[in-house]
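# Secondary and tertiary structure notes
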Amino acid sequence: MSHQYESPAYYARAGSGRGRLKVLLGAAPGVGKTYRMLDEARRRRERGSDVVVAYVECHSRRHTEELLSGLEVVPRLERSYRGARFTEMDVDAVIARRPEVALVDELAHSNIPGGLHAKRWQDVQALLEAGIDVLTTVNIQHLESLNDVVLAITGIPQQETVPDEFVRRADQIELVDMAPDGLRRRMAHGNVYAAEKVDAALSNYFRVGNLTALRELALLWLAGRVDEGLQDYRAAHGIDRVWEARERVVVALTGGPEGETLIRRAARIAHLSPPALEGEAAAHTPGRPVGGALLAVHVARSDGLADANPAALLAQRRLVESLGGTAHSVVGDDIPRALLDFARAENATQLVLGTSRRGRLLRFVTGRGIGETTIELSGDIDVHMVTHEKSGQGRRLPVPGRLHSPQRRIAGPVVGLIAPILLTLLCTQLRSSVNTTSDILLFLLAVVGTACLGGAVSALVASFVASLLLNYYFIPPIHRFTISDPNNVLALVVFAVVAIIVANIVDRATRLARRAARATAEAETLSAVAGSVLRGDRAVPALLARLRETFGMDSVLLRRNGQEIGSAHSPVTGPAAAAAADSGPPGDGAAAAGPTGADEDGGAVEEIPVGADSVLVLRGRSLPAADRRVLSAFAAHVAVALERARLAEAAAEIEPVKAADRLRTALLAAVSHDLRTPLAVALASVSSLRSEDVQFSPEDQSELLATAEESLAKLTRLVENLLDMSRLQAGALTLDLQPTALDEVYSTALDSLSGLDSAPVSARGLDAAPPVLADPPLLERVFANLIANAVRHTPAGTPVLLTASTHGARVELRVIDRGHGLPEADRDRIFQPFQRLGDTDNDTGVGLGLALSRGLAEAMGGTLDPEDTPGGGLTMVLSLPAAPQEQLPHQTAADEYDRVTASEGTAS
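A brief look at the structure comes next.

Cut-offs applied
- Residues numbered from 1 in each chain as written.
- Predicted model: local features only at pLDDT ≥ 70, side-chain atom pairs only at ≥ 80, totals over all residues.
- Heavy atoms only, no water.
- Pairing = 2+ DSSP bridges.
- Helix = DSSP H or I, 4+ residues; strand = E, 2+ residues; numbered from the N terminus.
- Axes fitted to C-alpha atoms, helices over the stretch in contact; angles between N-to-C directions.
- Contact = heavy atoms within 4.5 Å.
- Buried < 20%, exposed > 50% of the residue type's maximum accessible area, 1.4 Å probe, protein only.
- Core = buried A, V, L, I, M, F, W, Y, C linked by side-chain atoms within 4.5 Å.

Once that is clear, we can look at the sheet that holds strand E21 (residues 761-764). Overall, mixed pairing links the five strands, which are arranged E21-E23-E24-E26-E25 in an open sheet. Pairing within the sheet leaves two strands with one partner each, and these edge strands are E21 and strand E25 (863-868). Adjacent strand axes in the sheet meet at a mean angle of 20°, parallel and antiparallel pairs treated alike. In terms of strand pairing, E25 meets strand E26 (residues 874-881) through six bridges, oriented antiparallel. Across the sheet, Glu867 pairs through a bridge with Thr875, a residue of E26. Together, E21, strand E23 (800-807), strand E24 (810-816), E25 and E26 form the strand contacts of helix H26 (residues 776-792), whose direction differs from that of E26 by roughly 170°. Across the sheet, helix H27 (residues 850-859) touches E25 and E26, and the angle it forms with E25 is around 130°.

Burial of strand E8 (residues 133-139) is extensive: seven of the seven residues sit out of reach of the surface. Covered by surrounding structure in E8 are Asp133, Leu135, Thr137 and Asn139 together with Val134, Thr136 and Val138, the residues of both alternating faces. Note that strand E2 (residues 21-26) and E8 share six bridges and pair parallel. The residue of E8 that forms the bridge with Lys22 is Leu135.

A few words on the nonpolar core. In this structure, Leu103, Leu127, Ile140, Val162 and Phe206 are the most contacted members of the largest nonpolar core, which totals 67 residues. With residues near it in sequence (within four places) discarded, Leu103 still touches Met37, Leu38, Ala41, Val51, Val52, Val53, Ala54, Tyr55, Val56, Leu71 and Leu135. Within the second largest apolar cluster, 36 residues are counted, among which are Val782, Val791, Leu822 and Leu874.

The next point concerns unusual backbone geometry. For His59, which is not glycine, the phi torsion reads 55° and is therefore positive. One can find His59 in the loop between strand E3 (51-55) and helix H2 (62-68). Judged by relative accessible area, His59 falls into the partly exposed class, the value being 30%.

Next up on the list: the environment of Ala179. Within the secondary structure, Ala179 is located in the loop between strand E9 (172-176) and helix H7 (180-188). Classification of Ala179 as partly exposed rests on a relative accessible area of 37%. Taking the C-alpha atoms as reference points, Ala179 and Ala27, 152 residues apart in sequence, are found 9.8 Å from one another.

Next comes the structure, spelled out in structure tokens:
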């Protein structure tokens, strides 16, 4: 299966001097990229093209080698590096040969130092500049932008990468696709790696989960390139109308209470749309719409003063992102046109709006709303009007606040009365040089200044007084309130109207500027508060310090049930002054005054509840009502920080209980099963020796004594371990976690086991694995149980294999058997300690001692889980934390694993 993308410039470059690049993209090694490249090369040669092989790696794959035979191969260039000989692509030879098409495998490969280029993709660039078309291959994990994503998925860092931009500029990109199960079957049949590498590869990099995630990355990356190509084509050809190649649903958000309803409805619409690309439905990320794309947009007014609730908008953005969508914000005063412009720019096919919250009367007075206008202008975009519980209920009017201080509110009308009088005295002195028009403009300037000082009321006073003075002193007949010239009447009326309008505009502009400044300050403060909460353990002290600084308080105390648990003090007052002010009993002073009061020094005291049992006590200046909203936000963040600290303490307290419970379960399993066998064997041996009915030869007596001794030795070791676990359960003994070598524990565990002749046991990679952080005796116990369980269920003569591998900061041990496997329904039952109820036979494959093994593994910070063995059987996966790097003198094992993995990752 393949998906192909062609750049819009693909045909434009035909005949130009630069060669064309085709990239065969794969999700993982082994999907068939090289095979597909060679197959296309043969077809091009049959059509008459001059094709050469510049560099191809077959990795001893028979079918690939068959396709390679018969094609012209440019000899490789040999290089020496650190005493070894390597071969590289001979770029100069290929350019000198000047074929029409060159095949270059493994685009992300790093060249041997000392050559012309450090990376193979740079060699390919040189071939393209020489006018040679290139077919090349690369895996999705080698793209630079996805390096960290692949590391998070697979736990394996990729040492060789290629810039995304180079691959994006390819004229054609073809995805060579294969389902994860098909690739694993291909690998199990030996068509990808050698037989000795198959088990390790299937249980590490080539897990079903890894392959599924890498396949999704490849599909989505290619889909993004196809979408970019479509947008470029539409832009180049001036296509404005929507092409429904993929459903894109845009939901408009206002920050109102209906937002969540609209988002969920839009997500359902997107989810019901046809999938954007084949295979996405099977590999989608949970929570993301499988079909179309979901985009949320909020239109902010150009003055930045829309009445949207920032907290509600933030919550709605998080909801959109949790549903797999993206949130956007655009600026525009014409909301319908801004919405439609955004939708067309994103090639959206559907737009979701909420029905109007305006009441019937308001709709009748104001006419059409945003929804009706959007529908009229929508054109080929489908518009969904979604009803909600707030429809038609109207909007609450904003609560007016005071703009000016009491002093300015008093001074404004006084200035409005005095300023025109003083200006009249000045203008009468300049009557000979200033005409009536200039007098009117000067009085208008005085009215505007009064509006800036005291607001609209002061401006009205000033305009009234100025009108009277202008009429009496400057408009003929002078010193009379009558006006002889009708033009002067008009001028005086216009002056009064203009003065009132300008005064109101200035007053409104001042109010909006104040609101904008305060909104900006509140946003910066709340952002800093959120950052303080996210910082971790010091969240509460940081919040208290920020609270004191923001409101300029002398001190801020945090009490819980009357006890101080945190504080922040001004450098001037300091903790001593605050302690002195707070020295009385909780019922005295400010506390007795309720939420707001005064301390002994006359400073104001504010008490803000925080949760059910805590309170913030602020000492210092009296806070205005406008600060209450931000203060409530501080209190909410403090409550969250306290709750998080409380949960962390509870989790820390319960962790020992959980560990003790796991050990108790393991202890019961061991007592019921592992004690019984050595006791029974030792008792039978001793009873036989004491019996007078049978005469044993010296050899038989020696064998019985040896059997009893071996059983009692096992019993002694087991009792010692059980005593250690009981002390650990009681808290009297701690785990001796230390760097532990897996190969040493493996050898000790084998020595403690008997009856392993039926199935040979072998280990691979244990000596190269880094040490794990574990308790050696307990880990030996886990090894012995897992090996014995695997041998018991493996057919006679079939080997049991132990492998070790590193995944990030953990080491995984796999105990692989080739038995009949285990049904999915029995995966959890094998870890239940039901064998303590009696000597139940275990030939059904549910295992013995696994309950003890899982309990001990979890006590050491590890996990134990079963999974299917490729080809039949069961694999027990023991995952343990790797020992800290500072405790390890050498890192050769980890380095060797990264080197081998990197070479495997670039294969094919």
